[in-house]
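# Survey of secondary and tertiary structure
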Amino acid sequence: MTLNSDHPLLDGRTANSPIIRAYRGDRPETTPVWFMRQAGRSLPEYRKLREGNEMLEACLTPDLASEITMQPVRRHNVDAAIFFSDIVIPAKLAGVEVEIVPGRGPVFANPVRTAADVAKLHPIDPAAFAPIREAVAQTVAQLGTTPLIGFAGAPFTLASYMVEGGPSKDQQRARTLMYSDPQTWATLLNWCADIAGEFLKAQIEAGASAAQLFDSWVGSLSEQQYVRRVAPHSKRALSHLRGYDVPKVHFGVGSGEVLQAMHSIGADVMGVDWRIPLDEADRRLGGGVPLQGNIDPALLGAPWHVLEAHVRDVMSRGRVAPSHVVNLGHGVGPDTDPDVLTKIVELVHQEG
């Protein structure tokens, strides 16, 4: 499989953009910056647009998803858009009953905890991604030379939500299933890998210039658990992009102990959370890996002089890597002042 000739990476629009150059290990003249969850609750224009629209409905309405994706690009002048969606969208499109409960997160009506539960899961029909493809195409048409990053949740995090039935502090039920019924666990993660991989593939084919796989709950795993019970499935998810020459970013929260293993699944770029400095992440990865991150989201509410010093420190430490894309160490919180994000972009572009 190859990209179409009119894809933004091939027709001259995004291949030489700062962020794609950085993702490929080059050092552009200006350091690129974007923010995880930049599209969302921190923006008043987002809150206004979402009035009367349920979260997953917004994700599956092309005009809405496209407009929400565009909002932070217009406001902050970030170097990339990240497609507005949710990690449970592929499961919903595959027929699984799930909703986003305000203040709680994704909730599954029927948790998946047995071999019989897993047997009820059906392969996804690629045609189900039609609204995703349409939203991506609309967005890419507006972005011009600014790349769109495709988005999917990693198999472990998606499976954790499905086994737990919703958010969990320690993913204990999921980690128990990993050992109490390894075959059922592997079957479930393969299903999650395939729907996540097809979700990414739909976005790339429709015009996204990079892909990011998010493993939000990976920090609950030991390195041995990750390597033996999770990594093969994350690799399977990214294998759906085989043949497409697009940069692949992998990010996990609390991932310091498994950074190297996460990189080994086929990622080109490693996202780093706020817990370890970028120079230490570079050391753990053995050097040679482009890095993304890792401003502490908690400091977004600190006095500007404190945040500014932190951003400069992040950029300084990022210089040890072959290339660096500035981002947060997790997502933008709903109470974040959007003007602070705009100031960070201006600082990074000035300093970079």
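Counting restarts for each chain, with residues numbered from 1 along the sequence as it is written. A pLDDT threshold of at least 70 governs which residues receive local features in this predicted model, and a stricter bar of 80 or more applies before side-chain atom pairs are shown or counted, although totals over entire chains, interfaces and linings include all residues. Hydrogens and water are ignored here; the side-chain numbers use all heavy atoms of the structure.

The name given to the protein chain in an unreviewed UniProt entry is Uroporphyrinogen decarboxylase, with the source organism recorded as Salinibacterium amurskyense. UniProt positions are given in the numbering used here, feature names are shortened, and annotations may be inferred rather than shown by experiment. The Function (unreviewed entry) field of the UniProt record for the protein chain holds the comment "Catalyzes the decarboxylation of four acetate groups of uroporphyrinogen-III to yield coproporphyrinogen-III." Database annotation for the protein chain, UniProt heading Sequence similarities (unreviewed entry): "Belongs to the uroporphyrinogen decarboxylase family."

Axis separation between helix 4 (residues 62–76) and helix 7 (residues 130–143) bottoms out at 8 Å; the angle between their running directions is 35°. Here helix 4 and helix 7 pass one another in a crossing that is right-handed. Contacts between helix 4 and helix 7 involve Pro 62, Asp 63, Ala 65, Ser 66, Thr 69, Met 70, Val 73 and Arg 74 from the first element and Pro 131, Glu 134, Ala 135, Gln 138, Thr 139, Gln 142 and Leu 143 from the second. Each residue is assigned to one class: nonpolar for Ala, Val, Leu, Ile, Met, Phe, Trp, Tyr, Cys and Pro, charged for Asp, Glu, Lys and Arg, and polar for all the others, Gly among them. Its residues placed into classes, the contact of helix 4 with helix 7 shows seven nonpolar, five polar and three charged. What counts as an axis is a line fitted to C-alpha atoms, over the stretch in contact for a helix, and the angles between N-to-C directions run from 0 to 180 degrees. For helices the rule is a DSSP run of H or I covering at least 4 residues; for strands it is a run of E covering at least 2, with both sets numbered from the N terminus onward. By convention the crossing between two helices is left-handed if the near helix lies anticlockwise of the far one by an angle smaller than a right angle, and right-handed if it lies clockwise. We call two residues in contact whenever any of their non-hydrogen atoms come within 4.5 Å of each other.

The feature "site: Transition state stabilizer" (unreviewed entry), as given by UniProt, occupies Asp 86 in the numbering adopted here. Within the secondary structure, Asp 86 is located in the loop between strand 1 (81–82) and helix 5 (89–93). Residues within four places of Asp 86 in sequence aside, it is in contact with Met 55, Leu 56, Cys 59, Ile 100, Pro 106, Phe 151 and Phe 199.

A ring pair, where both rings are aromatic, is described by two values, the distance of the centres and the angle of the planes. For Phe, Tyr and Trp, where Trp contributes only its six-membered ring, two rings pair if their centres lie within 6.5 Å, and the inter-plane angle classes them as stacked under 30 degrees, edge-to-face over 60, or tilted in between. Across all of its chains, the model carries six aromatic pairs by this definition. Arranged with centres 5.9 Å apart and planes meeting at 25°, the rings of Phe 129 and Phe 199 form a pair that is stacked. Linking Phe 129 in the loop between helix 6 (115–119) and helix 7 with Phe 199 in helix 10 (residues 182–206), this pair joins segments that are 70 residues apart in sequence. Three or more aromatic residues joined by ring pairs make a cluster, and in this case those are Phe 151, Phe 214 and Phe 251. Distance and angle both matter: a charge sits over a ring if NZ of Lys or CZ of Arg is within 6 Å of the ring centre and within 35 degrees of the ring normal. One Lys or Arg, Lys 343, reaches over the ring of Trp 304 and ends 4.3 Å from the middle of that ring.

This brings us to helix 15 (residues 304–318). With 15 residues, helix 15 extends 21 Å from end C-alpha to end C-alpha; this agrees with the ideal 21 Å at 1.5 Å per step. Think of it in three bands: with a 1.4 Å probe and only protein chains considered, a residue is buried below 20% of the maximum accessible area for its type, exposed above 50%, and partly exposed in between. Restricting attention to buried positions, one finds in helix 15 the residues Leu 307, His 310, Val 311, Val 314, Met 315 and Gly 318. The buried residues of helix 15 all sit within an arc of 135° when viewed along its axis, so they share a single face. Those residues of helix 15 that are buried are in contact with helix 14 (278–284), strand 8 (291–295), strand 9 (324–328) and helix 16 (338–351). A helix is expected to span 1.5 Å for every residue after the first. Of all possible arcs, the one meant is that of the directions from the helix axis to the C-beta atoms.

Our next topic: the sheet that holds strand 5 (residues 210–215). Read from one edge of the open sheet, seven strands run 1-4-5-6-7-8-9, paired in parallel fashion. Because the sheet does not close on itself, it has two edges, and the strands there are strand 1 and strand 9. In this scheme, strands are said to pair when DSSP sees at least two bridges between them. Examined bridge by bridge, strand 6 (residues 248–252) and strand 7 (residues 269–271) share two bridges and lie parallel to one another. Directly across from His 250, in strand 7, lies its bridge partner Met 270.

Quick look at the pattern of salt bridges now. The salt bridge definition used is simple: a Lys or Arg side-chain nitrogen within 4 Å of an Asp or Glu carboxyl oxygen. Under the defined criterion, the tally for this structure stands at 19 salt bridges. Where Arg 75 meets Glu 45, a salt bridge forms, and the shortest distance between an N and an O atom there is 2.9 Å. You can see Arg 75 sitting in helix 4 and its partner Glu 45 sitting in helix 2 (residues 44–50), a full 30 residues away along the chain. With a closest N to O distance of 2.4 Å, Arg 275 and Asp 273 form a salt bridge. On the basis of relative accessible area, Arg 275 is assigned to the partly exposed category, the value being 48%. Among the ionic contacts, a cluster of salt bridges with common partners joins Glu 257, Glu 280, Arg 283 and Arg 284.

Our next topic: helix 12 (residues 231–239). Considered for burial, the residues of helix 12 that qualify are Ala 231, His 233, Ser 234, Ala 237 and Leu 238. End-on, the buried residues of helix 12 take up no more than an arc of 165°, which puts them together on one face.

This paragraph deals with the pairing of strand 3 (residues 105–108). For strand 2 (residues 98–101) and strand 3, the ladder comprises four bridges, and the chain directions are antiparallel. Paired with Glu 99 across the strands is Val 107, a residue of strand 3. Where strand 2 hands over to strand 3, the hairpin turn is made up of three residues, of which Gly 103 adopts a positive phi near 85°.

Further remarks concern a negative patch on the surface. A patch consists of residues exposed above 30% relative accessible area that lack any salt bridge, with like charges linked at up to 9 Å and nonpolar side chains (Val, Leu, Ile, Met, Phe, Trp, Tyr) linked at up to 5 Å. For every accessible area listed, the method is Shrake-Rupley and the probe measures 1.4 Å; residues are considered covered only by the protein chains on display. All tallies of charge rest on Lys and Arg as positive and Asp and Glu as negative; His and the ends of each chain are not included. Charge positions are represented by NZ for Lys, CZ for Arg, CG for Asp and CD for Glu. Taken together, Glu 54, Glu 57, Glu 97 and Glu 99 make up a surface patch of like negative charges. Note on placement: Glu 99 falls in strand 2. With relative accessibility at 46%, the residue Glu 99 sits in the partly exposed group.

What follows covers the nonpolar core. What makes a nonpolar core is a set of buried Ala, Val, Leu, Ile, Met, Phe, Trp, Tyr and Cys residues whose side-chain atoms join them at distances within 4.5 Å. Within the largest apolar cluster, 122 residues are counted, with the highest numbers of intra-cluster contacts made by Tyr 23, Trp 34, Met 162 and Tyr 226. With twelve residues, helix 10 is the single largest residue contributor to this core. Filtering out sequence-adjacent residues up to four positions away, Tyr 226 remains in contact with Asp 215, Val 218, Leu 221, Ala 231, Pro 232, Ser 234, His 250, Val 258, Ala 261, Met 262 and Ile 265.

Following the sequence through the fold, Thr 157 ends up in helix 8 (residues 155–164). Its relative accessible area of 0% is what places Thr 157 among the buried residues. Any N or O atom pair separated by 3.5 Å or less is treated as a polar contact, with the protein-specific requirement of one donor-capable and one acceptor-capable atom, and with residues adjacent in sequence counted only for side-chain atom pairs. A polar contact is formed between the side chain of Thr 157 and the backbone nitrogen of Trp 217, at a distance of 3.0 Å.

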